[in-house]
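This is what each chain is made of:
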Amino acid sequence: MSTPLPPFPTQLFINNQYIDSASPDRLTVTNPYDESPIAASAHAANQSDIDAAVAAATTAYKTTWAQTSPAQKQACMLKFADLVERDAERLAILESLPTGKPVTPTKMFDIAHMVEVWRYYAGWTDKISGETYPESNGVYKIVRHEPLGVCAGIASWNATFMYIGWKIAPAVAAGNCFIFKPSEKSPFGALALGALFAEAGFPPGVVQILNGAAATGAALASHPRIAKISFTGSVGGGKAVQDLATKSNLKKVTLELGGKSPAIVFDDVELEKALGGVCGFLFNSGQVCVATSRVLVQKSLLPKFTAAIKTAFEESSSTLGENPLFPSTMYGPIVDKAQFDKIMNYIAIGKKTGEVLTGGERKGDKGFFIKPTIFVNPDPESPVVKEEIFGPVMVIQGFETEAEALELANGSVYGLAASVYTSNLDRALRVSSALECGGVAVNSPFLPQVNTAFGGIKASGQGRELGKYGLMEYTEAKSIHIKLDVPKL
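Source: prediction; values computed, not measured.

(A) Summary view of the environment of Ser-419. Relative to the elements of secondary structure, Ser-419 occurs in strand E18 (residues 417–421). Counting along the chain gives 156 residues from Ser-419 to Ala-263, while the straight-line C-alpha distance between them is 4.5 Å. For Ser-419, the contacting residues outside a window of four places in its chain are Pro-262, Ala-263, Ile-264, Thr-292, Ala-441, Ser-444, Pro-445 and Phe-446. Here Ser-444 takes part through its backbone oxygen, which lies 3.0 Å from a polar atom of the side chain of Ser-419.

Next comes the structure, spelled out in structure tokens:
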């Protein structure tokens, strides 16, 4: 039985209009809650569609958006945020049906955060300042921070609305125009925002939304008239984007490529505080890039911690299987069969060397539900320890000393985020400084904040989103040197 959708467009959003794709290709998706086909398909953009969007964006960048005052830009951005709040229920449903994300967390976190980000960057439209330097040798020096032009973004399916905030809002606040491609696994929520951009007063061509799969993303990354691309997804996808960007026109690239984030739990922390933070791993069924999927626990605390977290995970598992559209549902299914099969394969591998504390199996026979799973002390070289699983599978490892904890935490190709649980402030600061990652939280999960930088190092990517740091990724520094006629004394 197919699942009905609220009325919404399926076409491409180009130049403030929904239009048919030049290609006959369509994106079809399945509801992961009950495995039923969703009775709608999204148009997939081809090279011709992308060329049309780039042409419209180029015209807008050079004319209308360039002539729009900072105050007017701010008004458009604030109006858009208001409209998203107005339509939050419909947007959450459109995002939930193909991805399985429960509507309540989607509204409370993803959409609320996106609105906060748009309002934050609206305040930046008239605050992108430059620098001046003292005259020397008769030269007066100015540095301006100018927009790049036409920018693009490619997002993963797990947090579409958040990425719309992180990628588009700073770009347009800095004076750029933007083309956004959501994941082919979550085409509907982003597409529904097109009409809201037009209603908010954005001129045609400033923000455009193109659905499509890998070929569409590749065409964006390689387009010679796109100046910057921001990508969120797998390491393999990020390398492909980087390569295409380099070979085309050396466009600027921001990459956020996931992680295998550690949480370090010292024995001086309150157990309930650590437990509450670590259990945040289950948000979106572990399909979160910053999820602390590796939990390192000081051995003196390990027995109490494992007993408590087993109980907490089993309580979460007891509610698993409810319809994500129900307001009370907090935990949903895995996004699709491909991801479900990938996670189950990791679980099978983990069972070869690690103790299964809880979970380790599918729940029910309908929908892509996996019981929250914990492995204790598997082989340190096992893929469940080394590789990003992107699902509800946690690994717990014991350690004796701070130095050992840091060695385990940093022994990963990834470097996105980490958490440290301790009541010792000196230790918290010392360990935070020594961790090899882009962000650290003390006594809580690491969550993005609108005014601080978000991004990773090592295989987790390059560049930053959010805050002033994310804004400056969409500007280029231009130096202006003025030769002064300095009179001789």
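Next comes the rest of the account.
(B) Expanded view of the packing of aromatic side chains. Counting across every chain of the model gives 19 aromatic pairs. Residues Phe-197 and Phe-202 carry aromatic rings whose centres are separated by 5.5 Å and whose planes lie at 75° to one another, so their mutual orientation is edge-to-face. For the pair formed by Phe-197 and Phe-202, the shared burial category is buried. Seen from their ring centres, Phe-340 and Phe-368 are 5.7 Å apart, and the 45° between their planes marks the pair as tilted. Of this pair, Phe-340 sits in helix H12 (residues 337–350) while Phe-368 is found in the loop between strand E14 (355–358) and strand E15 (373–376), placing the two residues 28 residues apart along the sequence. Phe-368 sits in the buried class, given a relative accessible area of 6%. Three or more aromatic residues joined by ring pairs make a cluster, and in this case those are Trp-65, Phe-80, Trp-118, Phe-197 and Phe-202. For the cation-ring pair, Lys-73 lies above Trp-65, with the distance from its terminal atom to the ring centre recorded as 5.0 Å.

(C) Spatial organisation of the nonpolar core. Trp-118, Leu-193 and Phe-202 are the most contacted members of the largest nonpolar core, which has 94 residues in total. Tallying contributions element by element places helix H5 (residues 160–173) first for this core, with ten residues. If we ignore the near neighbours within four places in the chain, the residues touching Leu-193 are Tyr-18, Phe-80, Val-84, Leu-91, Met-114, Phe-161, Ile-164 and Ile-209. By size, the runner-up hydrophobic cluster in this structure holds 25 residues, among which are Ala-274, Leu-282, Ala-291 and Leu-357.

Parameters at a glance
- Residues numbered from 1 in each chain as written.
- Predicted model: local features only at pLDDT ≥ 70, side-chain atom pairs only at ≥ 80, totals over all residues.
- Heavy atoms only, no water.
- Helix = DSSP H or I, 4+ residues; strand = E, 2+ residues; numbered from the N terminus.
- Contact = heavy atoms within 4.5 Å.
- Polar contact = N/O pair within 3.5 Å; in protein donor to acceptor, adjacent residues only side chain to side chain.
- Phe/Tyr/Trp six-rings, centres within 6.5 Å; stacked < 30°, edge-to-face > 60°.
- Buried < 20%, exposed > 50% of the residue type's maximum accessible area, 1.4 Å probe, protein only.
- Lys NZ or Arg CZ within 6 Å of the ring centre and 35° of its normal.
- Core = buried A, V, L, I, M, F, W, Y, C linked by side-chain atoms within 4.5 Å.

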